[in-house]
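Chains, contacts and geometry: an overview
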Amino acid sequence: MTTTARPLIHPLIVRLTHWINAFAILMMVTSGWRIYNASPLFGFRFPAGITLGGWLGGALNWHFAAMWLFAGNLLIYLAYGVLSGRFRTRFWGLTPRAVWTDTASFVRGRLSHTDLSVYNAVQKLCYVGVIAAMLLLILSGLAVWKSVQLQELAALMGGYEGARIVHFCAMAAVVAFTVLHVAMAFAVPRSLLSIVRGR
Ligand code: HEM
């Protein structure tokens, strides 16, 4: 008997953790902007209309609530990726040469997206990079939150103020990735279907 079912590109656990992550990131970033506004590191504040929490106390409540969802969900995604071998098959082969070749093809508009089950080197670099940025967000967030108990961790980032700067930069990297990533997803609508339906 022949089957017309298309191969599964993103298993259910990857789709679920992906969308929970997108939701948690939205909560974390917008409440984080409100917290930042109470004591800006740089010479600007985020417009109040795009922040979450209403005031510093409210924003902290949102940030700490979403933090557990974000960290727990990321842990599940990472454990699945390592234990199932998905990270090996999906992200292996990330060499500077492959990134250079695929970036050159992208610039010339010749980067193929025919096989969605294989990531090109630019995608691999972006996905591995954003996973690293999210881990750095958690580590620097812990260093800021528990700066006395985790002072060795904070010291690695230059102390409390250094950890705040690292936390801000990791947030900026995640936001920059998300903007580019969403634009690319809408440019290739088939990929959008695959992260919703799996195929
Ligand atoms: C509305 C927001 C988002 C949309 C529309 C979206 C869309 C997508 C799509 C279409 C894919 C599959 C790409 C492919 O198969 O070629 C994907 C995968 C992925 N996305 Fe998103 N995404 C969003 C938010 C995010 C956020 C906020 C992050 C992280 C900060 C993220 C991280 C990832 C990662 C790491 C993968 C690869 C998953 C894997 O294969 O293990 N996404 N996303």
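Right, let's walk through the structure included here. What you see is a predicted model; the values in this text were computed from it and never measured.

**Quick look at the nonpolar core**
By size, the foremost hydrophobic cluster in this structure holds 30 residues, and its most contacted members are Tyr77, Phe91, Met134, Met171 and Val174. A total of eight residues in this core trace back to one element, the largest contributor, which is helix 1 (residues 12–38). Setting aside anything within four residues of it in sequence, one finds methionine 171 in contact with Val29, Trp33, Phe46 and Leu137.

**Some thoughts on the coordination of the iron atom of the ligand**
For the iron atom of the ligand, the full set of protein donor atoms is His18 (NE2) and His181 (NE2), at a range of 1.9 to 2.0 Å. Geometry at the iron atom of the ligand is octahedral, judged from the six donor atoms that bind it and their angles of 83 to 180° at the metal. With histidine 18 in helix 1 and histidine 181 in helix 7 (residues 159–187), the pair connects residues that are 163 residues apart, well separated along the chain.

**Observations concerning the site of the ligand**
Taken together, 22 residues lie around the ligand, and His18, Tyr77, Arg86, Tyr119 and His181 are the ones closest in. Between the ligand and the protein, one listed contact pairs a nitrogen atom with a side-chain N or O atom of histidine 18 at 2.8 Å. In this structure, an oxygen atom belonging to the ligand sits 3.1 Å away from a side-chain N or O atom of glutamine 123. Of all the secondary-structure elements, those providing two or more residues to the shell around the ligand are helix 1, helix 5 (121–145), helix 7 and helix 8 (189–197). When residues in the shell around the ligand are grouped by element, the largest group, six residues, is from helix 7. Within the shell around the ligand, the residues separate by chemical class into 13 nonpolar, eight polar and one charged.

**Some details on the packing of helix 7 against helix 8**
The packing of two helices is summarised by the inter-axis angle and the distance between the axes. Two elements in contact, helix 7 and helix 8, have axes whose closest approach is 5 Å; the angle formed by their N-to-C orientations is 105°. By the angle class used here, helix 7 and helix 8 are roughly perpendicular. Note on element contacts: helix 8 touches helix 7 through Pro189, Ser191 and Leu192, opposite Ala185, Phe186 and Ala187. Counted by class, the contact of helix 7 with helix 8 contains five nonpolar, one polar and no charged residues.

Rules used throughout
- Throughout, a residue's number is its position along its own chain's written sequence, starting from 1.
- Predicted model: local features are reported for residues with pLDDT of at least 70 only, side-chain atom pairs are reported and counted for 80 or more only, and whole-chain, interface and lining totals are derived from all residues.
- Hydrogens and water molecules were not included; the side-chain quantities draw on all heavy atoms of the structure.
- Residues belong to a common nonpolar core when they are buried Ala, Val, Leu, Ile, Met, Phe, Trp, Tyr or Cys residues joined through side-chain atoms within 4.5 Å.
- When a residue's accessible area, from a 1.4 Å probe over protein chains only, is under 20% of the maximum for its type it is buried; when over 50% it is exposed; and in between it is partly exposed.
- For the purposes of this entry, the term helix denotes a DSSP run of H or I that reaches at least four residues, the term strand denotes a run of E that reaches at least two, and both are numbered from the N terminus.
- Only heavy atoms matter for contacts: two residues are in contact if any of them lie within 4.5 Å across the pair.
- Only nitrogen, oxygen and sulfur atoms qualify as donors, and only when within 2.8 Å of the metal (3.2 Å in the case of Na, K and Ca); with water excluded, sites may look incomplete.
- For a four-donor site, all angles between 85 and 135 degrees give tetrahedral; for four or six donors, opposite pairs above 155 degrees with the remaining angles between 65 and 115 give square planar or octahedral; all remaining cases count as irregular.
- Consider each residue's heavy atoms; a residue with any of them within 4 Å of a molecule or strand counts as near.
- Here a polar contact means two N or O atoms within 3.5 Å. Within protein one must be a hydrogen donor candidate and the other an acceptor candidate, and residues neighboring in sequence count only if both atoms are side-chain atoms.
- In the scheme used here, Gly and all other residues not listed as nonpolar or charged are polar, with Ala, Val, Leu, Ile, Met, Phe, Trp, Tyr, Cys and Pro taken as nonpolar and Asp, Glu, Lys and Arg as charged.
- To obtain an axis, a line is fitted to C-alpha atoms, over the contacting stretch when the element is a helix, and the angle between two such axes runs from 0 to 180 degrees between their N-to-C directions.
- Oblique is the label for every angle not falling under 35 degrees (roughly parallel), over 145 degrees (roughly antiparallel), or within 65 to 115 degrees (roughly perpendicular).

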